[in-house]
Amino acid sequence: MSLVQQIRQHTPENWRLWRKMTVVVAVPIVAATLYGSLRVYDLFQENRAYSAAAENVSILPTLAEYATGVSGAAAATILSLPVDNGAQIAREAAATLTSQMEDKDLDPKIAAQINRMLAEGESLLASASSGTLAPTVASERADGFVTRAQAAYRAITTTSDNPSVLNESATLLDLWATQWTLLDQVLAFSALSADTDGALLMWNNALGVEAAKLTVLRDTFAENSAADASKVDALIGMLEKRRSLTAELGNAGGDVRALQGSLFESLMIYQEEVAGSATRAVGVLDDLAGEARSEALKNGIGVAVVLALALGLAIMIAASLVKPLRRLRNDTLRAAEEDLPAALAAIKDGAEIDTVQLSPVRVHTREEIGEVARAVDSMNEGALRLAGEQAQLRRQVNEMLETLARRNKTLVEQQLALIDSLEHEERDPTRLQNLFALDHLAARMRRTGDSLLVLAGTRQRLGRVPDTPLVDVLRAAVSQVENYQRVNIGNAPEGNLVGSAVTDVVHMVAELLDNALRASPPDSTVAFAFSRAVDGGLLLEIADRGIGIPADELADINMRLGSDSEAGSGAARRMGLFVVARLADRHGITVRLRPTFDSSTNAGITASIYLPTSLLKGTGRNHEDPYRIDRPRRLPDPPSEHSEHYPADPVSGAQPDIGNRYPAPVPAPAHALASPGTSPGVRRGQLHERWVPRGTGH
């Protein structure tokens, strides 16, 4: 098989139905599964991103507390106040922040920024606690720390691109940036004690910067529905209070402590709002993570349910297609291989067409498969009708054949009776010889009628035939053929043939003898040979010297001889073939043909007839059989063209008694079984053997 043919065998058009349906069902389901899985995966990834962002933002309150503590300590240093309170707050926040960083899976870049901020804040606290830090240096280092803290804030709040998170992050960053304007105010406040114009200008500038940023922060809070805009108003009120307190500093009623308290009060509000904003951002991120997780679960469950429904529907539809198709296939094959042949055999055996029915295909749908099933049922019914019509026609033909054969036999019997009476009254040897020839010709005509009865499927209407010696059976068969003088019976074995098979065996052997005589040269002989089978049966062989039969044709003939089949092509030319086959089938006799010689030219044909033990009597194994020889047997090669050397008898080894030697055999026509016109017969239940010469060896 070529590569192209192998590839073509595996193309989709040659796939089995279940494979095609599997592909049709699996492809969309697999595609939907992949799409749903990717969607659920994206949602879970989104959930993880929101959860990670929430973890990052959750440290903002602690981070703001730490930054406030450090910046407060720096402010206390600038104001020449004790730094213990701010330092304590910063150190506690640092411990909490370190613990959170260990517990949470922070982004490495954010973690690095926080670590740098912690290190810088620790250094600033150490310098502030030592009391050696000048106000200007403290302010400068505090600004650097605040810038570092703002960078960390910005990195943390920009880890999510959700609008709500970004809005809250903007609020948080604005609060953080506005808060550190208080540091400038603290620095300016420390210079107010000098009561100089420069210090007052720096103070007013710091207040102006905070006022500007509070205006922007108000807009940010207005855009954030979760933020409390009143806190901005409170910070603005505190700013205005500090301005009024600043105006009264030159008077005797100026309250420096009230101004200082206002700064710390504003710082507390900023710190509270920063923590609140961070908490709201964490809440938003947690809500988003929860929504993403819930959406992922819903999508996963929805995809699973949809896929289950789709798979169930696909399986149901596939089953609705595959089951009827499989049932159609099984029922059609059963009808073609079992039911229809059995129904045809029943019709052939004579059953009425109305009593023979085929089971319909078990598909009752109205779609295309059901229509095909009904078409198959209609085709089976048509086949049964046609078979019934053919059987009726065959019966009519058989009846006509039987009627013609019986009428012909009646006339032949009357003719034989008339010839018998003439033979008894005739005294002239010449006319008596002519009457004998007419008698022999009439016997052969009677065999034609017997062959017609066999072909018609009927038996001869004979009385009981007694068990008959085998030699008499063979002589009766020889007497039914033309040129019986060329047949060498030889030494026939002892024993009898059961009476029920005598007539049919005589007819069958006569047909084979007639065939051998017609297919061999007119100056050659046809010899009998006998051998005992291992099971006690008898093998009778009829060997001729004809031109033989081609191997393929011989195989076809043997196949037909082995089965009681109907006549097919070539039946008119080989009618004797079907007569022999039917007679052999009646009694379980086996008939085979094989070449007589091993040479390719003038091979001849040997007809082997196996008679089973059930047809024989007096031929048991205890009887010494002189004809037992080894198989297979082959006659020698044909004689040369200068002289004809006849071989010894295949069984006894004796030379046949044929008188003078003849020239080389003349090729005969093609080997064929005899036509019905040469079939043997039995004359009124008695073996007709008077024309077998006695004492001549033939």
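The coordinates are above.
We now turn to the structure provided with this report. Sequence order sets the numbering: in each chain, residues are counted from 1 along the sequence as written. Selection of residues for local features in this predicted model requires a pLDDT of at least 70, selection of side-chain atom pairs for listing and counting requires 80 or more, and totals for whole chains, interfaces and linings are taken over all residues. With hydrogens and water set aside, each side-chain value is computed from the structure's full complement of heavy atoms.

So, the overall build of the protein chain
Right, on to step 1. Strands are runs of DSSP state E lasting at least 2 residues, helices are runs of H or I lasting at least 4, and numbering of each runs from the N terminus. When you go through the protein chain residue by residue, the secondary structure sums to 17 helices and eight strands.
Right, on to step 2. Burial status follows relative accessibility: with a 1.4 Å probe on protein chains alone, a residue under 20% of its type maximum counts as buried, one over 50% as exposed, and anything between as partly exposed. Looking at the protein chain as a whole, 45% of its 698 residues are labelled buried.
Right, on to step 3. Long-range pairs, those at least 24 residues apart, make up 77% of the contacts in the protein chain between residues at least 6 apart in sequence.
Right, on to step 4. Per-residue and other accessible areas follow the Shrake-Rupley method at a 1.4 Å probe size, with only the shown protein chains counted as cover for residues. About 35500 Å² of surface is accessible on the protein chain, with carbon and sulfur atoms providing 56% of the total. Contacts are residue-level and defined by heavy atoms, with any inter-residue pair within 4.5 Å sufficient.

Observations regarding the nonpolar core
Right, on to step 1. Counting 81 residues, the largest nonpolar core has Leu63, Tyr66, Ile114 and Tyr153 as the members making the most contacts within it.
Right, on to step 2. When residues of this core are assigned to their parent elements, the largest contribution, 13 residues, is made by helix α11 (residues 256-348).
Right, on to step 3. Here, the term nonpolar core denotes a set of buried Ala, Val, Leu, Ile, Met, Phe, Trp, Tyr and Cys residues that are joined through side-chain atoms within 4.5 Å. Formed by 54 residues, the second largest nonpolar core is a distinct cluster that contains Leu517, Val526, Phe530 and Ile542.

Details of the environment of Leu125
Right, on to step 1. Within the element layout of this structure, Leu125 appears in helix α5 (residues 108-130).
Right, on to step 2. Here Leu125 falls in the buried class, since its relative accessible area comes to 1%.
Right, on to step 3. Expressed as a C-alpha distance, the spacing of Leu125 and Gly72, which sit 53 residues apart in the sequence, is 9.8 Å.
Right, on to step 4. Residues within four places of Leu125 in sequence aside, it is in contact with Val70, Ala73, Ala87 and Ala90.

Considerations on the pairing of strand β7 (residues 605-611)
Right, on to step 1. Across the seven residues that make up β7, a large majority, seven, are buried.
Right, on to step 2. Neither face of β7 is open: one carries Ile605, Ala607, Ile609 and Leu611, the other Thr606, Ser608 and Tyr610, and all of them are buried.
Right, on to step 3. The pairing criterion for strands is at least two bridges between them, as found by DSSP. Relative to β7, strand β5 (residues 538-543) runs antiparallel, the two being bridged by six bridges. Bridge pairing in β7 places Leu538 opposite Leu611.
Right, on to step 4. Judged from the six bridges that link them, strand β6 (residues 590-595) and β7 form a sheet pairing that is antiparallel. Bridging across to β7, Arg592 finds its partner in Ser608.

Some words on the environment of Thr606
Right, on to step 1. Among the secondary structure elements, Thr606 is positioned in strand β7.
Right, on to step 2. Along the sequence, Thr606 and Leu540 sit 66 residues apart, while their C-alpha atoms lie 10.0 Å from each other.
Right, on to step 3. Those residues in contact with Thr606 that lie beyond four places of it in its chain are Glu541, Ile542, Ala543, Arg592, Leu593, Arg594, Pro595 and Thr596.

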